[in-house]
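Architecture at a glance
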Amino acid sequence: MKIIAISDYEGMSREAANIISTQVMQFPNSVLGLATGRTPLGIYRYLIDRYQRENVDYSKISTVNLDEYCGLPSNNEQSYHYYMYSNFFDHVNIPKENINIPNGIVEDVDSECIRYEKRITELGGIDLQLLGIGNTGHIGFNEPDESFAKATHCVKLKQKTIETNAIFFKSPDQVPKYAITVGIRAIMSAKKIVLIASGSEKTEILYRALFGLVTPSVPASILQFHPDVTVVATEDALTQIRQKTDAIL
Ligand code: GLP
């Protein structure tokens, strides 16, 4: 595992965006696994900037988003569909048919999960997976559990996740209780993973995920078994790792 320590959020965003742009330029047919949340917002800004200034071409790129809330239509501003289109897809030349996001408003959620998993397989898996980390240690919406959920599935969100994500909603009771998330198998099968983290509130969970026990109660800990993980994080998010390990030079 490679850890890149950056002093601030802008630098972290630029560094991670450079890794993704390089992937797109070197391998224009790549399948990108994409994440939502506050942390990647700067990355999408830098990717759009490089697209506009350097003509980074996304016309053959496919994308697979990690997750979507159940019950939110794509025109709801809190849906991850809306997030992805307004913060990224509307500004680069990825063909619409190459964009994949779970559909959170289907009647038959189980069939949607099966369809999504099949779609990832048809695409040949994910070449580069961008991941944030939740305060519960979740990746995508794979919440702490008794075992690692392998396939795309519907998950009941932890109260802590609902509270954390409530800032995007008018009140916590508007946060959906369920979401569809890609499972651990597709994430772990990605050829390359870029894990991003910013802010002192992530320092404990980041340490536990990367240097603690590998356990489904900290889903991100499974990343310790992945052969190609690059962590791009701000210094405040890396405080505990710096204090307790010698992993950062
Ligand atoms: C969200 C998303 C995750 C994301 C995580 C961290 O709820 N489902 O994919 O990585 O939680 O979010 P943030 O970047 O806002 O801390």
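Residues numbered from 1 in each chain as written. Predicted model: local features only at pLDDT ≥ 70, side-chain atom pairs only at ≥ 80, totals over all residues. Heavy atoms only, no water.

From N to C terminus, the chain includes eight helices and 10 strands. For 249 residues, the compact-globule estimate of 2.2 N^0.38 gives 18 Å, and the chain sits close to it at 17 Å. Reported as C-alpha extents along the three principal axes, the dimensions of the chain are approximately 50 × 45 × 35 Å. Within the chain, the proportion of its 249 residues that are buried is 55%. In the chain, of all internal contacts separated by at least 6 residues, the share reaching a separation of at least 24 is 78%. Approximately 11,300 Å² of the chain is accessible, and the part contributed by carbon and sulfur atoms is 49%. Charged side chains of the chain number 24 positive and 29 negative; the gap between the two group centres comes to 2 Å. (Helix = DSSP H or I, 4+ residues; strand = E, 2+ residues; numbered from the N terminus. Rg over C-alpha atoms; globule rule 2.2 N^0.38 Å. Buried < 20%, exposed > 50% of the residue type's maximum accessible area, 1.4 Å probe, protein only. Contact = heavy atoms within 4.5 Å. Areas by Shrake-Rupley, 256 points an atom, 1.4 Å probe, with all protein chains shown as cover. Lys, Arg positive; Asp, Glu negative; His and termini not counted. Charge placed at Lys NZ, Arg CZ, Asp CG, Glu CD.)

Attention now moves to the environment of Thr239. Considering the arrangement of structural elements, one finds Thr239 in helix 8 (residues 239–244). Classification of Thr239 as partly exposed rests on a relative accessible area of 32%. Here the alpha-carbon distance between Thr239 and Ile162, two residues 77 residues apart in the chain, equals 26 Å.

Ranked by internal contacts, the top residues of the largest apolar core, which has 78 residues, are Tyr58, Phe88, Phe89, Leu206 and Leu223. Among the elements that make up this core, the one with the highest residue count is helix 1 (residues 9–26) (six residues). Contact partners of Phe88, with chain neighbours within four places excluded, come to Leu34, Tyr44, Leu47, Ile48, Tyr58, Tyr83 and Ile94. (Core = buried A, V, L, I, M, F, W, Y, C linked by side-chain atoms within 4.5 Å.)

Turning to the site of the ligand, a few remarks are in order. Arg38, Thr39, Asp67, Asn165 and Lys202 are the nearest of the 13 residues found near the ligand. Take Lys202: an N or O atom from its side chain is 2.6 Å from an oxygen atom of the ligand. Contact with the protein chains covers 96% of the free accessible surface of the ligand, which is 400 Å². Class assignment of the residues belonging to the shell around the ligand gives a composition of three nonpolar, seven polar and three charged. (Near = heavy atom within 4 Å. Polar contact = N/O pair within 3.5 Å; in protein donor to acceptor, adjacent residues only side chain to side chain. Nonpolar A, V, L, I, M, F, W, Y, C, P; charged D, E, K, R; others polar.)

Our focus in this paragraph is the packing of helix 1 against helix 2 (residues 41–54). Following both chains from N to C, one finds helix 1 and helix 2 inclined at 50 degrees, their axes separated by 8 Å at the closest point. One finds that helix 1 runs oblique with respect to helix 2. Crossing handedness for the pair helix 1 and helix 2: right-handed. Contacts between helix 1 and helix 2 involve Tyr9, Glu10, Ser13, Arg14, Ala16, Ala17, Asn18, Ile20, Ser21 and Met25 on the former and, on the latter, Leu41, Gly42, Ile43, Arg45, Tyr46, Leu47 and Arg50. (Axes fitted to C-alpha atoms, helices over the stretch in contact; angles between N-to-C directions. Parallel < 35°, antiparallel > 145°, perpendicular 65-115°, else oblique. Left-handed = near helix turned anticlockwise from the far one by under 90°.)

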